[in-house]
Amino acid sequence: MAKSEAIDLHSPLSPEAIAHKLKAIMADPMDGAKARVFGSGDQYVMRLRYARRNVQNAMAPELEAAMEPYAGGTRITGTLGRSTAGRLFPYIWFGFLSIFVIVGAAIVWFVPGTLLFGAIFTGIPMLMMVMGAAAMRVGGDGSKDREEILAFLRRELDARPL
């Protein structure tokens, strides 16, 4: 699982100017874009994600940051990583499916003549576990998404590391 990284940036814009600029950018539908940074926030906090059109991915990294006035601009501090749902989903997925595998194995072990039932009852959840692991592996660690979010902040807010 990708770890969250701490973000500490400085923008020459005020928190209010950042909030207005982000609101204007997010209001633009960007119909021709195949992917874009989107999110929400106000002059105190922001939450940004990099999204591809027609693709939902709770495992994608997102920036959760607080904004405060600093040195004539804004200090943006927060974390860039998976959301709470993205961090919890694999545990819930594999935990739930493990219950079926354990129950199916127990039935085969203790009830004679249930080998076919047990194979089906455990086989399907095991296949779902393999497919889930493969999907998470193919999804990658989100490094491209992280780079896109940071590039967006540099380009739109002139945010630089503090």
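Nothing here was measured: the structure is a model prediction, and the numbers come from that model.

K.L.:
Would you mind going over the nonpolar core in detail, with residue names and values included?
P.N.:
M46, L63, I76 and L153 are the most contacted members of the largest nonpolar core, which has 19 residues in total. Take this core: its biggest share by element is four residues, from helix α4 (residues 143-157). Beyond its immediate chain neighbours, meaning those up to four positions away, M46 contacts I18, L22, S40, G41, L63, E64, A65, M67, I76, L153 and L157.

K.L.:
Describe the sheet that holds strand β4 (residues 61-70), listing the residues and the values that go with them.
P.N.:
Sheet architecture is open: six strands sit in the order β2-β3-β4-β5-β1-β6, paired in antiparallel fashion. Strands at the two margins of the open sheet, each flanked by one partner only, are β2 (35-41) and β6 (160-161). Sheet contacts for helix α1 (residues 15-27): β1 (5-11), β2, β3 (45-52), β4 and β5 (73-82); angle to β2, the most-contacted strand, approximately 130 degrees. Its contacts with the sheet put α4 on β1, β2, β3, β4, β5 and β6, and the angle it makes with β3 is roughly 125 degrees.

K.L.:
I'd like a rundown of the pairing of β2, residues and numbers included.
P.N.:
Summarising the sheet, β2 and β3 pair through seven bridges and their orientation is antiparallel. The residue bridging S40 from the neighbouring strand is R47, located in β3. Where β2 hands over to β3, the hairpin turn is made up of three residues, counted between the paired strands.

K.L.:
I'd like a rundown of the packing of aromatic side chains, residues and numbers included.
P.N.:
All told, the structure shown has four aromatic pairs when counted by the stated rule. Plain terms: the ring middles of F96 and F100 are 5.2 Å apart, the flat faces sit at 75 degrees to each other, and that makes the pair edge-to-face. One end of the pair, F96, and the other, F100, are both in helix α2 (residues 84-110), four residues apart, so they sit about a helical turn from each other. By relative accessible area, F100 is classed as partly exposed at 29%.

What counts and how
- Residues numbered from 1 in each chain as written.
- Predicted model: local features only at pLDDT ≥ 70, side-chain atom pairs only at ≥ 80, totals over all residues.
- Heavy atoms only, no water.
- Core = buried A, V, L, I, M, F, W, Y, C linked by side-chain atoms within 4.5 Å.
- Buried < 20%, exposed > 50% of the residue type's maximum accessible area, 1.4 Å probe, protein only.
- Helix = DSSP H or I, 4+ residues; strand = E, 2+ residues; numbered from the N terminus.
- Contact = heavy atoms within 4.5 Å.
- Pairing = 2+ DSSP bridges.
- Axes fitted to C-alpha atoms, helices over the stretch in contact; angles between N-to-C directions.
- Phe/Tyr/Trp six-rings, centres within 6.5 Å; stacked < 30°, edge-to-face > 60°.

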